[in-house]
Amino acid sequence: MTGNSFLILSMIAAFASAVIGLGGDKIPSPGWIKTLLFFIAAILALVSGILNLYGSKIVESENAKELKEQYDNHTNDLKEAFGLMSHRTVEQFLSEKVPSKLSEEQVTILIRKALNKWIEDSIVKDVQSISEGNVQISYQKELRFKEGDTSSIGCWVINSDIRFKRNWFEKAGNQSTYYDAYIFNEETPNDHKLIHAIIDYGEGLPEGSFITNVLTEKSRDLYLKYCNWYEAKRSYQTTHQTYSHIIIIVTRDRDKSMDELITEEMNLWAGSERGARINSEELSIVLYNETDLKNEKIVFE
């Protein structure tokens, strides 16, 4: 439970204590019942105080942790901007994704569901059409995702040729980069799909800031950062392999008729105004609403 949850329980206990305490005298009942009611009110008041104290300490700790994570990520951004290698942890990469209205656990679940849906729709269905419906999916804990990299042991395998890895961390140029998922198809030419996920559950932009005003400033900044990370890696690619960058954006409530306009707007904003190098042939934006993921089962952990 979060600190805010304890504070809410504290308010409920305080309200119940006040109702029982004020109403105890007005209830026509024997004296011992009134005494019991006053005792219950006192206990609830004590519980309210304890919950309030405990919840306040948790909220203070959560705020301190959030501020530290923001400071650390900002410091690493500055290091990378000036050509220095930052040393982010996976936890720091994940902390940037969490909107103020959600917990990290809720964000993790949404990312897993979004990845599952995209893999089912874009990878598994393609394999089914090629192999006439015969698809084998398994997790092989002894298999290396990349040959020669012992840190990549353990990955999902789809029909023996396609490997899938969650939470992929690597260094490219002067940057420490992170991908929510990496899909590698060993068939010639080798095909690499690098995937980022953004959870957009905050308040929208001020009216008139952009054409759509759908995605928050936080989501736009993450989009720009992810595009730059991918381009930083791109210089290490070879002509004998194909690469693509997929950015999945999950929103709470979005008019799907605006999807094409949102994609165009984001690329124009990141490329023209922010100077990002965007290869439109390699970048794909996938937009999901929360309702699209409601019944999605998590297969690929």
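These figures come from a predicted structure and were not determined experimentally.

**Student:** Help me understand the overall build of the protein chain, please; the structure alone is not making it clear to me.
**Tutor:** Along the backbone of the protein chain there are seven helices and seven strands. Written out in order from the N terminus, the α and β elements of the protein chain read α-α-α-α-β-β-β-β-β-α-β-α-β-α. For the protein chain, the proportion of its 301 residues judged to be buried stands at 42%. Nonlocal contacts in the protein chain, meaning residues at least 24 apart in sequence, comprise 62% of its contacts between residues at least 6 apart. On the protein chain, roughly 16800 Å² of surface is accessible, and the fraction owed to carbon and sulfur atoms is 55%.

**Student:** Help me understand the pairing of strand 2 (residues 153–158) in this model?
**Tutor:** Side-chain positions along a regular strand alternate between the two faces of the sheet. Counting buried positions along strand 2 yields five of six residues, so the element is predominantly enclosed. Where strand 1 (residues 137–144) meets strand 2, five bridges bridge the pair, whose relative direction is antiparallel. Along strand 2, the bridge assignment pairs arginine 144 with isoleucine 153.

**Student:** Sorry if this is basic, but what is going on with the pattern of salt bridges here?
**Tutor:** Pairing is possible between side chains that carry opposite charge, provided their charged atoms lie close to one another. The final tally for this structure, using the stated rule, is nine salt bridges. Across the pair aspartate 292 and lysine 256 runs a salt bridge whose closest N-O atoms are separated by 2.7 Å. A residue pair is termed long-range when its members are at least 10 positions apart, and aspartate 292 in helix 7 (residues 290–293) and lysine 256 in the loop between strand 6 (241–251) and helix 6 (259–273) qualify at 36 residues. Look at lysine 256 and you get partly exposed, because its relative accessible area is 42%. Each member of the salt-bridge network shares a partner with another, and the members are Lys117, Asp121 and Lys125.

**Student:** What's the story with unusual backbone geometry in this structure? I'm lost.
**Tutor:** For residues other than glycine, phi is negative in most cases, and the peptide bonds are mostly trans. Its identity as a non-glycine residue notwithstanding, serine 160 has a phi of 65 degrees, on the positive side. Tracing the sequence through the fold places serine 160 in the loop between strand 2 and strand 3 (162–172).

**Student:** How do you make sense of the packing of aromatic side chains when you look at a structure like this?
**Tutor:** Within a pair of aromatic rings, the relevant descriptors are the distance that separates the centres and the angle that separates the planes. Tallied over the entire structure, the rule returns 10 aromatic pairs. Taking 6.3 Å as the distance between ring centres and 80 degrees as the angle between the ring planes, the aromatic pair formed by phenylalanine 210 and tryptophan 269 counts as edge-to-face. Taken as a pair, phenylalanine 210 in the loop between strand 5 (190–200) and helix 5 (217–234) and tryptophan 269 in helix 6 lie far apart in primary sequence, 59 residues in all. Taken individually, phenylalanine 210 and tryptophan 269 each receive the classification buried, so the pair is uniform in this respect. These aromatic residues form a ring-pair network of at least three members: Phe93, Phe169, Tyr178, Tyr226 and Trp229. Here arginine 220 stacks its cationic end above the ring of phenylalanine 210, 3.7 Å away from the centre of that ring. The ring of tryptophan 269 has arginine 220 sitting right over it, with the charged end atom 5.9 Å from the ring centre.

**Student:** What is the right way to look at a nonpolar patch on the surface in this model?
**Tutor:** On the surface, a nonpolar cluster with roughly 270 Å² of combined accessible area is contributed by Ile8, Leu9 and Ile12. For isoleucine 8, the position within the fold is in helix 1 (residues 3–23). Taking the relative accessible area as the measure of exposure, isoleucine 8 reaches 48% and is therefore partly exposed.

**Student:** Please explain the nonpolar core as it appears in this structure.
**Tutor:** The tendency in soluble globular proteins is for nonpolar side chains to be buried as a group. Counting residues in hydrophobic clusters, the biggest one holds 31 residues, and the most contacted among them are Ile198, Tyr223, Ile247 and Ile249. Those elements that place two or more of their residues in this core are strand 2, strand 4 (175–185), strand 5, helix 5, strand 6, helix 6 and strand 7 (283–289). A total of seven residues in this core trace back to one element, the largest contributor, which is helix 5. Discounting residues that sit within four places of it in the chain, tyrosine 223 has contacts with Ile198, Ile247, Met266, Asn267, Ala270, Ile278, Leu283 and Ile285.

**Student:** Quick question: what am I supposed to make of the side chain of threonine 177 here?
**Tutor:** Note on placement: threonine 177 falls in strand 4. Note on threonine 177: relative accessible area 0%, which makes it buried.

**Student:** Explanation requested: the environment of leucine 194 in the structure shown.
**Tutor:** Mapped onto the secondary structure, leucine 194 falls in strand 5. When its relative accessible area of 0% is taken as the criterion, leucine 194 is described as buried. With 49 residues separating them along the chain, leucine 194 and tyrosine 243 place their C-alpha atoms 7.7 Å apart. Excluding residues within four positions of it along the chain, leucine 194 makes contact with Tyr179, Ala181, Tyr182, Tyr230, Lys233, Tyr243, Ser244, His245 and Ile246.

**Student:** Which parts of the structure should I look at to understand the environment of cysteine 227?
**Tutor:** Locating cysteine 227 in the fold gives a position in helix 5. In contact with cysteine 227, other than residues within four places in its own chain, are His245, Ile247, Ile278 and Leu283.

**Student:** What exactly am I supposed to notice about the side chain of aspartate 180 here?
**Tutor:** Structurally, aspartate 180 is set in strand 4. Among the residues examined, aspartate 180 registers a relative accessible area of 1% and is labelled buried. Residue contacts for aspartate 180: discarding those within four places in its chain leaves Lys97, Ile111, Leu115, Lys165, Arg166, Asn167, Ile195, His196 and Ala197.

Conventions used here
Residues numbered from 1 in each chain as written. Predicted model: local features only at pLDDT ≥ 70, side-chain atom pairs only at ≥ 80, totals over all residues. Heavy atoms only, no water. Helix = DSSP H or I, 4+ residues; strand = E, 2+ residues; numbered from the N terminus. Buried < 20%, exposed > 50% of the residue type's maximum accessible area, 1.4 Å probe, protein only. Contact = heavy atoms within 4.5 Å. Areas by Shrake-Rupley, 256 points an atom, 1.4 Å probe, with all protein chains shown as cover. Pairing = 2+ DSSP bridges. Salt bridge = Lys/Arg side-chain N within 4 Å of Asp/Glu carboxyl O. Phe/Tyr/Trp six-rings, centres within 6.5 Å; stacked < 30°, edge-to-face > 60°. Lys NZ or Arg CZ within 6 Å of the ring centre and 35° of its normal. Patch = residues over 30% accessible without salt bridge, like charges linked within 9 Å, V, L, I, M, F, W, Y side chains within 5 Å. Core = buried A, V, L, I, M, F, W, Y, C linked by side-chain atoms within 4.5 Å.

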